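# Coordinate analysis (summary)
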Amino acid sequence: SYVFDPSIAKPCLGAVMNSAGKPFTRLDFDTKEHPHHRSVFIAVGDVTANSVKNVDFWNEPENRGQERHVSISEIVNGPVFGRITANNVWESVDGVPMLDETRTFTFYNQNHERRYIDVKIVFKASYGEAVFGATKEAGPLGIRVNEQMRVDRGNGSMINSYGARGEKECWSKSAHFCTYSGEVDGLKCGITVFDNEKNERYPTAWHIRDYGLFAANNLFFKGAVWIPEGQPIEYNYRIMFSEGDLDLKETSDRFINYIYF
């Protein structure tokens, strides 16, 4: 499902389900623990534009920003893939427009053991120069994994493209991809995010945590990003949802296929 509702600060995708009908991702509107982490989401915690400074679109304090849904401009339903494109305006708490943002999700018709969702995010500085601050609270792509997959509950694990394991080795480190995996009701499940070589300062650094957050974040680890007035910046990622055993060689091969084919 693609969820957009004025009562929540930002639209999200999910929950994403496995073949047993159980979620890979957490979509919980009642949780008190990081309630702003909703399944697959797009957010940046420090945005300055249109004479408004340091607006938080990641956390959801009283002065938070709002990613206001404007329209669905594309829906494709075919035998090979499906696609949805949504258009949003990022606004301050007072309704001042700061950024235009378009997100496209492409879903491929694949076996349940390996399924891809391609994510394309385009930010446009339509209201003057925009700045993404060097904040830890950012993606732009964020994922909250199923609670059963959390490393701090003894069931989950993480590995990056260089073979580094665990939060101590993966958090803040640049890598071409990361995988967060664990068991959901006894079924081995994994979520892998592939960075794209066309993204700024590729390969991205990772804001990946034992408690279940999984985000691609260059900002905190590599510094702020400026978007000139009227110009766009584009991010592309592939998310792979896997079931069963998944080793680093297979993941690496699939990453190469994503980048070069």
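Residues numbered from 1 in each chain as written. Predicted model: local features only at pLDDT ≥ 70, side-chain atom pairs only at ≥ 80, totals over all residues. Heavy atoms only, no water.

Attention now goes to the sheet that holds strand E16 (residues 213–217). Here we have six strands laid out as an open sheet, ordered E1-E2-E3-E11-E16-E15, and antiparallel in their pairing. In this open sheet, the two strands that pair with only one neighbour each are strand E1 (2–3) and strand E15 (206–208). Direction of pairing for strand E11 (residues 138–144) relative to E16: antiparallel, over a ladder of five bridges. Its bridge partner being in E16, Ile143 is matched across the sheet by Phe214. (Pairing = 2+ DSSP bridges. Helix = DSSP H or I, 4+ residues; strand = E, 2+ residues; numbered from the N terminus.)

This part covers the packing of aromatic side chains. A full pass over the atoms with the stated rule returns 19 aromatic pairs. For the ring pair Tyr2 and Phe4, a centre distance of 5.8 Å and an interplane angle of 45° mean the geometry is tilted. With centroids separated by 5.1 Å and ring planes inclined at 80°, the aromatic side chains of Phe123 and Phe132 adopt a geometry described as edge-to-face. Assessed through its relative accessible area of 0%, Phe123 is described here as buried. Among the aromatic side chains, those forming a connected cluster through ring pairs are Phe57, Trp90, Phe123, Phe132, Tyr235 and Tyr237. (Phe/Tyr/Trp six-rings, centres within 6.5 Å; stacked < 30°, edge-to-face > 60°. Buried < 20%, exposed > 50% of the residue type's maximum accessible area, 1.4 Å probe, protein only.)

A separate point is the side chain of Asn160. Note that Asn160 resides in strand E12 (residues 157–160). Overall, Asn160 belongs to the buried group, its relative accessible area being 2%. One polar contact links the side chain of Asn160 to the main-chain amide nitrogen of Tyr162, over a distance of 2.9 Å. Those residues in contact with Asn160 that sit more than four places away from it in its chain are Glu169, Cys170, Ala175, Phe177, Cys178 and Leu248. (Polar contact = N/O pair within 3.5 Å; in protein donor to acceptor, adjacent residues only side chain to side chain. Contact = heavy atoms within 4.5 Å.)

Spatially, the four strands line up as an open sheet ordered E5-E4-E10-E17, and their pairing is antiparallel. The open sheet has two free edges, formed respectively by strand E5 (52–55) and strand E17 (225–227), since each of these has just one partner strand. Sheet twist, expressed as the mean angle between neighbouring strand axes with direction ignored, is 15°. Of the strand pairs in this sheet, strand E4 (residues 47–49) and strand E10 (residues 130–132) are connected by two bridges, and their pairing is antiparallel. Within the sheet, the bridge partner assigned to Thr48 lies in E10 and is Val131. (Axes fitted to C-alpha atoms, helices over the stretch in contact; angles between N-to-C directions.)

All right, on to unusual backbone geometry then. Residue Pro140 follows Gly139 across a cis peptide bond; omega there is 25°. As for its placement among the helices and strands, Pro140 is situated in strand E11. A positive phi angle is found at His34, which is not glycine, with a value near 45°. Here His34 lies in the loop between strand E2 (12–13) and strand E3 (40–44). In the Ramachandran plot, Ser172 falls in the positive-phi region, its phi being about 80° despite a non-glycine side chain. Relative to the helices and strands, Ser172 resides in the loop between helix H1 (166–170) and strand E13 (177–184). When its relative accessible area of 23% is taken as the criterion, Ser172 is described as partly exposed.

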